Amino acid sequence: SQQGEEDPQALSIQEGENATMNCSYKTSINNLQWYRQNSGRGLVHLILIRSNEREKHSGRLRVTLDTSKKSSSLLITASRAADTASYFCATDANSGAGSYQLTFGKGTKLSVIP
Amino acid sequence: ETGVTQTPRHLVMGMTNKKSLKCEQHLGHNAMYWYKQSAKKPLELMFVYSLEERVENNSVPSRFSPECPNSSHLFLHLHTLQPEDSALYLCASSQVSFAANYGYTFGSGTRLTVV
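About the thresholds
Residues numbered from 1 in each chain as written. Chains lettered and ligands numbered in written order. Predicted model: local features only at pLDDT ≥ 70, side-chain atom pairs only at ≥ 80, totals over all residues. Heavy atoms only, no water. 1 Å grid on protein atoms, 1.4 Å probe; cavity = no way out; pocket = protein on both sides within 12 Å on 5 of 7 lines; lining within 4 Å. Points joined across faces, edges and corners; volume = space filled by probe spheres on them. Helix = DSSP H or I, 4+ residues; strand = E, 2+ residues; numbered from the N terminus. Nonpolar A, V, L, I, M, F, W, Y, C, P; charged D, E, K, R; others polar. Pairing = 2+ DSSP bridges. Axes fitted to C-alpha atoms, helices over the stretch in contact; angles between N-to-C directions. Buried < 20%, exposed > 50% of the residue type's maximum accessible area, 1.4 Å probe, protein only. Contact = heavy atoms within 4.5 Å. Buried area = accessible area lost by both parts, 1.4 Å probe. Salt bridge = Lys/Arg side-chain N within 4 Å of Asp/Glu carboxyl O. Polar contact = N/O pair within 3.5 Å; in protein donor to acceptor, adjacent residues only side chain to side chain.

Caption draft 1: Just empty space enclosed by the protein, in detail. All names here are of chain B. Counted by the stated rule, this structure contains one cavity of 30 Å³ or more. Computed from the structure, the largest cavity encloses a volume of approximately 30 Å³. Lining of the largest cavity is provided by N30, A31, M32, Y49, E52, C68, N70 and S71. Counting residues per element, the ones that place at least two in the lining of the largest cavity are β4 (31-37) and β7 (64-70). Of the residues contributing to the lining of the largest cavity, the split by class is four nonpolar, three polar and one charged.

Caption draft 2: How the structure looks around the sheet that holds strand β3 (residues 19-24) of chain A. Residue and element names in this part refer to chain A. One open sheet accounts for five strands, arranged β1-β3-β8-β7-β6; its pairing is antiparallel. With one partner strand each, in any of the chains shown, β1 (5-7) and β6 (55-58) form the two edges of the open sheet. Sheet twist, expressed as the mean angle between neighbouring strand axes with direction ignored, is 20°. Two strands pair when backbone bridges link them, and β3 and strand β8 (residues 71-76) are joined in this way by six bridges, in the antiparallel orientation. Across the sheet, the residue bridging to A19 is I76, located in β8.

Caption draft 3: Representation of the pairing of strand β9 (residues 87-94) of chain B. Residue and element names in this part refer to chain B. Among the eight residues of β9, eight are classified as buried, and the element is accordingly described as predominantly covered. Neither face of β9 is open: one carries A87, Y89, C91 and S93, the other L88, L90, A92 and S94, and all of them are buried. Pairing analysis gives seven bridges linking β4 to β9, with the strands arranged antiparallel. Paired with K36 across the strands is Y89, a residue of β9. Where β9 and strand β11 (residues 110-114) come together, three bridges link them in antiparallel fashion. Its bridge partner lying in β11, Y89 is registered against T110. Here two bridges tie β9 to strand β10 (residues 105-106), and the two strands are oriented antiparallel to one another. Opposite S93, over in β10, you have T105 as the bridge partner.

Caption draft 4: Structural view of the sheet that holds strand β8 (residues 73-79) of chain B. Residues and elements named next belong to chain B. Read across the open sheet, the four strands follow the order β1-β3-β8-β7; overall the sheet is antiparallel. Lying at the two open borders of the sheet, with one neighbouring strand each, are β1 (4-7) and β7. Taken pair by pair, the neighbouring strands of this sheet meet at an average axis angle of 15°, ignoring direction. As paired strands, strand β3 (residues 18-25) and β8 are joined by seven bridges and run antiparallel to one another. Counted as the bridge partner of C23 is L74 from β8.

Caption draft 5: A look at the interface of chain A and chain B. Contact residues are listed per partner, giving 21 residues for chain A and 28 residues for chain B. With both chains or domains summed, chain A and chain B bury close to 2000 Å², and 55% of this area falls on carbon and sulfur atoms. The interface formed by chain A and chain B contains zero salt bridges. On inspection of chain A and its partner chain B, the count reaches four residue pairs in polar contact (both at pLDDT 80 or more). Of all elements in the fold, only β4 (31-37), β5 (43-50) and β10 (100-104) of chain A reach the threshold of two or more residues within the side of chain A that touches chain B.

Spelled out as structure tokens, the structure:
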């Protein structure tokens with residue numbers, strides 16, 4: 001079943017503006033992760049936030065997590081044309097068999113216009 | 001180069017062909033995954049191997065057959081595929097622990113077209 005769901009599906013902004021993407025999920029999690037995918041390529045891990053954390057920063061990225069609302073947001077500040085990509089949130093599901101599995105949403109397609 | 005290498009990058013095959021996708025990781029990870037990415041759909045988890053043992057098979061049709069001969073290599077054997085199987089197939093690896101998952105490392109994917 002689909003766990004993470006990103007919003008909006010597509011976002012177009014001018015270079016220099018901030019981009020905010022949201023993710024909602026349905027069940028309790030151990031952590032939530034954000035990934036980026038350039039067109040037709042593999043996904044790249046950006047940042048992981050644990051269920052007991054509320055906010056995390058990495059460079060121009062800021063992630064928040066609200067476990068009471070089962071939602072997370074990814075903020076990219078001072079966007080650049082090179083940030084153009086699809087962004088996915090992923091939540092883990094501890095199968096209890098010693099393997100962690102990630103469930104991904106459909107992603108938000110971000111276009112940054114120079 | 002992420003440390004996870006997938007070959008081939010592109011594959012066109014007929015419905016009666018047999019082919020294999022290969023994934024190799026040089027990160028010392030102990031879990032490997034196959035995902036399918038189709039247009040306008042979420043990534044679909046197909047198979048999980050943890051410590052070389054298959055621990056998940058998400059109701060994938062038998063025309064897809066995974067193989068994990070060791071912790072560094074993962075294959076996806078394909079036979080008698082359908083056109084709807086055309087997609088980007090992504091391999092990923094991770095280090096599993098009960099404490100946390102530190103994220104997956106993905107390969108660049110194999111773009112499969114079934115004609």
